[in-house]
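Working through the structure, step by step
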Amino acid sequence: MSTTAELLTANLHDVFGNRDVAARRAAIERTYAPDVAFIDPEGSVTGWDALEAKAAGLLDPTPGAFQFAEEGRRYVSATHGALSWGFGPVGDPVARGVDVIEVRDGRIVTLTTILAEGQSS
């Protein structure tokens, strides 16, 4: 069973930061509950396939030099975690946000992405 801190890392780097489709899918299946809810400024989707489509939709159109980087502290409890991030070329992110996760039985059951003011997804 994964800790909240481990799940924050997997969410950002192994899923949303992973351009390898097969490795990303494997990470999705070990990191999230099958009925995971993902909420962002565009709305809400449910399940592994929808989450995978969100990650692909974010990564596929962006240059290969774009990557996620953690910014600031992690906040964790047994059931919740939060992590700030930047996305873009190293040292020059074009987007910033915070991921907030809810954890149950060692998997993420809810992922909410909050974007920095003035940015859209």
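See above for the structure.
About the thresholds
Residues numbered from 1 in each chain as written. Predicted model: local features only at pLDDT ≥ 70, side-chain atom pairs only at ≥ 80, totals over all residues. Heavy atoms only, no water. Core = buried A, V, L, I, M, F, W, Y, C linked by side-chain atoms within 4.5 Å. Buried < 20%, exposed > 50% of the residue type's maximum accessible area, 1.4 Å probe, protein only. Helix = DSSP H or I, 4+ residues; strand = E, 2+ residues; numbered from the N terminus. Contact = heavy atoms within 4.5 Å. Pairing = 2+ DSSP bridges. Polar contact = N/O pair within 3.5 Å; in protein donor to acceptor, adjacent residues only side chain to side chain. Salt bridge = Lys/Arg side-chain N within 4 Å of Asp/Glu carboxyl O. Axes fitted to C-alpha atoms, helices over the stretch in contact; angles between N-to-C directions.

**Examining the nonpolar core**
Soluble, globular proteins show a tendency: their nonpolar side chains are buried together. Membership of the largest hydrophobic core comes to 25 residues, with the highest contact counts inside it found for Phe16, Tyr32, Leu51 and Leu111. When contributions to this core are tallied by element, the ones reaching two or more residues are helix H1 (4-16), helix H2 (21-31), strand S1 (32-40), helix H3 (48-59), strand S4 (80-88), strand S5 (95-104) and strand S6 (107-115). Excluding residues within four positions of it along the chain, Tyr32 makes contact with Asn11, Val15, Phe16, Trp48, Leu51, Arg107, Ile108 and Leu111.

**What about the pairing of S1?**
Bridge analysis of S1 against S6 gives four bridges, and the strand direction is parallel. Paired with Ile39 across the strands is Thr112, a residue of S6.

**Comments concerning the side chain of Asn18**
In this structure, Asn18 sits in the loop between H1 and H2. Among the residues examined, Asn18 registers a relative accessible area of 16% and is labelled buried. Polar contacts involving the side chain of Asn18 include one to the main-chain carbonyl oxygen of Asp14, which spans 3.1 Å. Contact partners of Asn18, with chain neighbours within four places excluded, come to His13, Ala23, Arg24 and Leu59.

**Details of the pattern of salt bridges**
In this structure the tally under the stated criterion is eight salt bridges. The salt bridge partner of Glu71 is Arg96, with a shortest N-O separation of 2.9 Å. You can see Glu71 sitting in strand S3 (residues 67-76) and its partner Arg96 sitting in strand S5, a full 25 residues away along the chain. We classify Arg96 as partly exposed; its relative accessible area is 37%. The network of salt bridges with shared partners includes Arg25, Glu29, Asp49 and Glu52.

**Re the sheet that holds S5**
With mixed pairing, six strands are arranged side by side in an open sheet as S2-S1-S6-S5-S4-S3. Of all strands in the sheet, those bounded by a partner on one side alone are strand S2 (43-46) and S3. Looking at each pair of strands side by side, their axes are set apart by 20° on average, direction ignored. Across eight bridges, the pairing between S5 and S6 is antiparallel. Within the sheet, the bridge partner assigned to Gly97 lies in S6 and is Leu115. Packed on one face of the sheet, H2 meets S1 and S6 and runs near 100° to S1.

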